[in-house]
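Residue-level structure breakdown
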Amino acid sequence: MSKLLNKWREKMTKEIKNPETIALHGGEYRSDPATTAVAVPIYRTTSYQFKDTGTAANLFALKEFGNIYTRIMNPTNDVLEKRVAALEGGLACVSVGSGQAASTFAITNCCQAGDNFISSTDLYGGTVNLFTHTLKKLGIEVRYADPTDPKNFEKQIDEKTRCIYAETLPNPYLRVFPIKEVSDIGRKHNIPLIMDNTAAPVICKPIEHGAAVVIHSLTKFIGGHGTVIGGCLVDGGNFDWTADPKRQPLFNEPDPSYGGAVWGKVVPELTGANVAYAVRARVVLLRDLGSALAPDNAFGIIQGMETVALRMKQHCSNAQKVVDFLTKHKNVERVIYPNIHKGEVGDRAKRYFKGGNGGLVGVEVKGGVEAGKKFIESLKMFYHVANIGDARSLAIHPATTTHSQLTSEELLAAGVTPGYVRLSIGIEHPDDILADLDQALKASGGAKLKAVS
Ligand code: PLP
């Protein structure tokens, strides 16, 4: 590379913070080192030829960093990982096969049997299942805290608490999480805050507000086209895993599965960077649990990600138009959107979001369950699917679908009322989105059906 180009790359990596540019140029990739191809190649390989036996041994001993095996790393995935890390303002990123794998890794990278963690009650239904049932079977206890008051998190901490977990913009309530307030509480006790930022890429950067780790379901807004399932964990590089060795045993005690490595010490020594969390997730969890993202899928997500900043602008602006339209509509009981909440919860949207309030909108159609169902069935352009963050507009009735495995108490705790419909507003022309909503609301019968519910 020319000197000038090198300089620009350095500036790009260190100084350029604009998401539009990062999404296209972030990370170290300029062109393929072997062919100079500009588009990121799909490295469809399981393995990498070692230069010699010494290099092979060094790679396995982490004395040198390089490609070993695609379950653990891959050059296509590497480009995606560096771009997402740059987008979130983190130091390193590990990609995995789905958002669910990312949540599983996020917790099991710092908790083991006998430990507990505190989670916000405002969560994706699949995450509730993972935390309440599957992690419990592995001996890891979740303690739920209502995020309306950040102090609820502190009340649940004991000597076995290893991390705090929350979503930036959880549906159905769409109450923005008090990131800094809870991160400050955690840091007082040397407990990291892990934020699922799936619903708010570009408009919110939780690491800037104190989160230690950000996870994504890349399936949603970052991939953006409903074509690929993927996930990732971003290490903020801003948390001292060794400050209180008893608090974080997985980073301070020798790991017998890796020659007695003490991850909190060995990683900064080897890399010169505070990325023990990311390295452990890669070399221990990906090694043992699998869940690697296929390079073909990483390529699909890289393509989608190139336009994420542009799409988020359109998602946000269209969603605001939908909110303005629905709040005035006679067949609508209630609209949920981050900036509609009153008081402190509403103020969080102003404090934490830049450039919009996201693409998700909640709506309660007048007439309860039946009207809600009729409304969804009458939508013509919106797809009726279990996804969010697609370029297309989507709708679903959570109580009978995404959240259907929760008990009625869990449903209410998660804010899923019977008639609630979740909309993920796409990037179509706003006039066409409003027209589809209007005709479906009229078809739903609105207030006339109220007596039936
Ligand atoms: N986190 C959030 C906020 C989600 O909405 C989802 C999926 O809907 C997930 C995680 C899980 O992601 P995936 O479907 O990619 O496994």
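Going by the structure above, here's the rest.
1. So, the site of the ligand
All residues adjacent to the ligand are Ser-98, Gly-99, Gln-100, Tyr-124, Glu-167, Asp-196, Thr-198, Ser-217, Thr-219, Lys-220, Gly-230 and Ile-388. Gln-100 has a polar backbone atom sitting 2.9 Å from an oxygen atom of the ligand. Taking Lys-220, its side chain carries an N or O atom lying 2.9 Å from an oxygen atom of the ligand. Per-class residue counts for the shell around the ligand are two nonpolar, seven polar and three charged.

2. Some thoughts on the sheet that holds strand 3 (residues 141-145)
With mixed pairing, seven strands are arranged side by side in an open sheet as 1-7-6-5-4-2-3. Across the chains shown, the open sheet's two edge strands, defined by having one partner strand only, are strand 1 (92-96) and strand 3. Taking the axes of each pair of neighbouring strands and ignoring which way they run, one obtains an average angle of 20° across the sheet. Note: strand 6 (residues 213-217) against strand 7 (residues 231-235), five bridges, orientation antiparallel. For Val-214, the partnering residue across the bridge sits in strand 7 and is Val-234. Running over the sheet, helix 6 (residues 125-137) touches strand 2 (116-120), strand 3 and strand 4 (161-167) and is turned about 140° from strand 3.

3. Let's talk about the pairing of strand 12 (residues 420-424)
When you tally the buried positions in strand 12, you get five out of five residues, the bulk of the element. Of the pairings in the sheet, the one linking strand 9 (residues 360-365) to strand 12 comprises five bridges and is antiparallel in character. Bridge pairing in strand 12 links Glu-364 to Tyr-420. The pairing of strand 11 (residues 394-396) with strand 12 spans three bridges and is classified as antiparallel. Of the residues in strand 12, the one forming a bridge with Ala-395 is Leu-423.

Conventions used here
Residues numbered from 1 in each chain as written. Predicted model: local features only at pLDDT ≥ 70, side-chain atom pairs only at ≥ 80, totals over all residues. Heavy atoms only, no water. Near = heavy atom within 4 Å. Polar contact = N/O pair within 3.5 Å; in protein donor to acceptor, adjacent residues only side chain to side chain. Nonpolar A, V, L, I, M, F, W, Y, C, P; charged D, E, K, R; others polar. Pairing = 2+ DSSP bridges. Helix = DSSP H or I, 4+ residues; strand = E, 2+ residues; numbered from the N terminus. Axes fitted to C-alpha atoms, helices over the stretch in contact; angles between N-to-C directions. Contact = heavy atoms within 4.5 Å. Buried < 20%, exposed > 50% of the residue type's maximum accessible area, 1.4 Å probe, protein only.

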